[in-house]
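Listed here are the chains, written in short residue letters.
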Amino acid sequence: MKSNMLMFLVVLLVGFSSCTKMEEKEPFNVSTLSQQFIGAWNSKNSTQLDTLLAEDAHFVQGEVHFNGKSEVSQKWVRETMGTIENLRTSAISTGADEKIAFEGGTFTVDVIPESRELPRGQGEGNYMLIWKKNDKGAWKLHYAQLEDHPVEVKR
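Just so we're clear, the structure is a prediction, and the values are computed from it rather than from any experiment.

## A few points about the confidence of the model for the protein chain
Here's step 1: The pLDDT averaged across the protein chain works out to 85; a share of 81% of its residues lies at or above 70.
Here's step 2: Between the elements of the protein chain, mean pLDDT differs from a low of 49, seen in helix H1 (residues 2-20), to a high of 97, seen in strand E1 (residues 53-61).

Structure (structure tokens):
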């Protein structure tokens with residue numbers, strides 16, 4: 001009788017544990033989102049960049065903080081796009097779950113001088129991008145933070 005009861009408990013536990021296992025999903029790769037953003041930036045496609053921004057987007061750089069899609073789009077994307085090119089990133093840390101994803105690392109850009117007589121510059125620094133899913137299930141850039149070092153003259 002004890003062996004039957006023990007066998008019943010083992011079967012019950014094995015069955016229960018197999019029912020409670022979560023479906024294994026392909027891990028989400030946040031770098032694909034960041035590469036979409038970088039590709040749109042490097043091709044100077046502000047319309048595509050706008051579609052990647054969340055309605056409640058934030059941009060932070062030093063003392064600067066832009067809030068909301070409209071302000072971030074105008075004051076960061078459109079006003080900065082003509083001053084830099086060839087954005088490159090190197091991710092150091094990434095992570096994602098069902099609703100939020102992040103990527104942080106270092107970046108470099110070519111800085112376009114205000115005057116043709118001035119030399120081009122090289123900008124670099126650290127970045128953090130946080131992506132969130134909106135109500136429709138689309139990933140949107142919610143938070144971007146850049147901390148750059150002083151621009152160096154390209155030689």
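The structure having been displayed, the exposition proceeds.
## Brief notes about the pattern of salt bridges
Here's step 1: Counted by the stated rule, this structure contains five salt bridges.
Here's step 2: Across the pair Lys75 and Glu71 runs a salt bridge, and its minimum N-O distance is 3.3 Å. One end of the pair is Lys75 and the other is Glu71, both in helix H4 (residues 69-81) and four residues apart, which spans about a single turn.
Here's step 3: Relative accessible area serves as the criterion here: at 38%, Lys75 is assigned to the partly exposed category.
Here's step 4: Its salt-bridge partner being Glu85, residue Arg120 comes within 2.8 Å of it at the nearest N-O pair. With a gap of 35 residues between them, Arg120 in the loop between strand E4 (100-111) and strand E5 (121-133) and Glu85 in strand E3 (residues 84-96) connect regions that are remote in the sequence.
Here's step 5: The class for Arg120 is partly exposed, based on a relative accessible area of 36%.

How each quantity is defined
- Residues numbered from 1 in each chain as written.
- Predicted model: local features only at pLDDT ≥ 70, side-chain atom pairs only at ≥ 80, totals over all residues.
- Heavy atoms only, no water.
- pLDDT = per-residue confidence, 0-100.
- Helix = DSSP H or I, 4+ residues; strand = E, 2+ residues; numbered from the N terminus.
- Salt bridge = Lys/Arg side-chain N within 4 Å of Asp/Glu carboxyl O.
- Buried < 20%, exposed > 50% of the residue type's maximum accessible area, 1.4 Å probe, protein only.

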